[in-house]
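# Report on the structure
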Amino acid sequence: MSNFSERWAELPDLLAGHMRLSASALCIGIALSLPLGVLAARRPKWRGPVLGVTGLVQTIPSLALLALMVPLLGGQIGFVPALLALTLYSMLPVLHNTVTGIQEVDPGLTEAARGIGMTPWQSLLRVELPLAAPVILAGIRTASVWVIGTATLATPVGAQSLGNYIFLGLQTRNGLAVVFGCVAASLLAVAFDRLIAVLESAAKERSRGRLTAGLLGLALITFGSLWPAFDFTSSLDTRGPAL
């Protein structure tokens, strides 16, 4: 029972570290992949090199990619090398689905948009991306599961995550710690998968209610997991200086 209590007490901090790492990598990966995907979709000569480079990253085993970041960053360990590796790992599904989604838009619709006076930029924002949104969200959904799962391997490079449970359990033969880490990471990945699936469905059916519910659910899980990372003790200490 004391073993369970110890593992439970560690959960808030490790979950916050895992979420901080995963959410940061996903946000940066999406921010990089969406414009690259649009560029690759619009300019075929860029498509092969862009998809090829991101595809090459996926051929590197995830633990090896995490370890590779340490010497590339001059021996630095901790959050930064793990963040860089997970960001690279998140890009392929988002990039690939952005290209696919835009290419699958009916050319007649884009021609009609230009026929009524829309610029290429307006056509992209008002026609192509909204129609491609379900496919793009499917890529984000895949990337989220990959990143949350792979983040458990960031412990050897010094990043705090739910993988601390797993590696601690393997080193000390503590089966409960391994189970704790696996179950917590799996539940987090499933929650993100289901909520992004709601957003995907909302994009297909143009449902604002589902869109709001999905975004609210993601916000609650993200900020709820990160809550222990915020230190409010300094702001609550209203005592004056000692006399």
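Structure shown above.
A brief look at the structure comes next.

Parameters at a glance
- Residues numbered from 1 in each chain as written.
- Predicted model: local features only at pLDDT ≥ 70, side-chain atom pairs only at ≥ 80, totals over all residues.
- Heavy atoms only, no water.
- Phe/Tyr/Trp six-rings, centres within 6.5 Å; stacked < 30°, edge-to-face > 60°.
- Helix = DSSP H or I, 4+ residues; strand = E, 2+ residues; numbered from the N terminus.
- Buried < 20%, exposed > 50% of the residue type's maximum accessible area, 1.4 Å probe, protein only.
- Lys NZ or Arg CZ within 6 Å of the ring centre and 35° of its normal.
- Polar contact = N/O pair within 3.5 Å; in protein donor to acceptor, adjacent residues only side chain to side chain.
- Core = buried A, V, L, I, M, F, W, Y, C linked by side-chain atoms within 4.5 Å.
- Contact = heavy atoms within 4.5 Å.
- Arc of directions from axis to C-beta.
- Salt bridge = Lys/Arg side-chain N within 4 Å of Asp/Glu carboxyl O.
- Expected span 1.5 Å × (residues − 1).
- Bend = angle between axes of the 7 residues up to and from the residue.
- Axes fitted to C-alpha atoms, helices over the stretch in contact; angles between N-to-C directions.
- Parallel < 35°, antiparallel > 145°, perpendicular 65-115°, else oblique.
- Left-handed = near helix turned anticlockwise from the far one by under 90°.
- Nonpolar A, V, L, I, M, F, W, Y, C, P; charged D, E, K, R; others polar.

### Section: the packing of aromatic side chains
Here the structure, examined in full by the defined rule, presents 5 aromatic pairs. Relative to tryptophan 8, the ring of phenylalanine 4 lies with its centre 6.3 Å away and its plane at 15°, an arrangement referred to as stacked. Here the residue phenylalanine 4 and the residue tryptophan 8 both occupy positions in helix H1 (residues 2–42), the gap between them amounting to 4 residues, near one helical turn. Relative to phenylalanine 180, the ring of tryptophan 8 lies with its centre 6.4 Å away and its plane at 75°, an arrangement referred to as edge-to-face. With tryptophan 8 in helix H1 and phenylalanine 180 in helix H8 (residues 175–205), the pair connects residues that are 172 residues apart, well separated along the chain. Look at tryptophan 8 and you get exposed, because its relative accessible area is 54%. Here a set of aromatic residues connected by ring pairs shows up, and it is made of Phe4, Trp8, Tyr165 and Phe180. One Lys or Arg, arginine 20, reaches over the ring of phenylalanine 79 and ends 4.1 Å from the middle of that ring.

### Some points on the side chain of serine 33
As for its position among the elements, serine 33 is in helix H1. Side-chain polar atoms of serine 33 contact the backbone oxygen of methionine 91, separated by 3.3 Å.

### What about the nonpolar core?
Grouped together as the largest cluster of nonpolar side chains are 42 residues, with contacts concentrated most on Leu21, Ala82, Ala154 and Phe192. Sorting the residues of this core by element identifies H1, helix H3 (62–72), helix H4 (79–103), helix H6 (120–150), H8 and helix H9 (208–226) as the ones contributing at least two each. With residues up to four places along the chain from it excluded, the contact list for alanine 82 reads Leu21, Leu66, Ala154, Val157 and Ala159. Among the nonpolar cores identified, the runner-up in size contains 7 residues, and Leu11, Leu162, Phe180 and Ala184 belong to it.

### Examining the environment of alanine 31
Take alanine 31: it is sitting in helix H1. Judged by its relative accessible area of 52%, alanine 31 is exposed. Along the chain, alanine 31 and valine 94 lie 63 residues apart, while their C-alpha atoms are 9.8 Å from each other.

### Some thoughts on the side chain of serine 144
Looking at the secondary structure, you find serine 144 in helix H6. Side-chain polar atoms of serine 144 contact the backbone oxygen of arginine 141, separated by 2.7 Å. In contact with serine 144, other than residues within four places in its own chain, are Leu26, Phe192 and Ile196.

### What about H3?
For H3, the complete set of buried residues consists of Ser62, Leu65, Leu66, Met69 and Val70. Looking straight down H3, one finds its buried side chains confined to an arc of 155°; they lie on one side. Next to the buried residues of H3 lie helix H2 (44–59), H4 and H6. Within two residues after H3, glycine 74 carries a phi angle of roughly 70°, on the positive side.

### Observations concerning the pattern of salt bridges
Counted under the stated rule, the structure contains 8 salt bridges. Linking glutamate 10 and arginine 7 is a salt bridge whose minimum nitrogen-to-oxygen distance equals 3.0 Å. Of this pair, glutamate 10 and arginine 7 both sit in helix H1, 3 residues apart, roughly one helical turn. Of the residues examined, glutamate 10 reaches a relative accessible area of 29% and is grouped as partly exposed.

### Comments concerning H6
Compared with an ideal rise of 1.5 Å per residue, which puts 31 residues at 45 Å, H6 spans 38 Å between its outermost C-alpha atoms and falls more than 12% short. Remark: the principal bend of H6, roughly 55°, maps to alanine 133, with a proline, proline 134, within the next four residues.

### Comments concerning the packing of H4 against H6
The N-to-C vectors of H4 and H6 enclose an angle of 150°; their axes lie 7 Å apart at closest approach. Classified by the angle their axes make, H4 and H6 are roughly antiparallel. The chirality of how H4 crosses H6 is right-handed. Class assignment for the residues of the contact of H4 with H6 results in 15 nonpolar, 8 polar and 1 charged.

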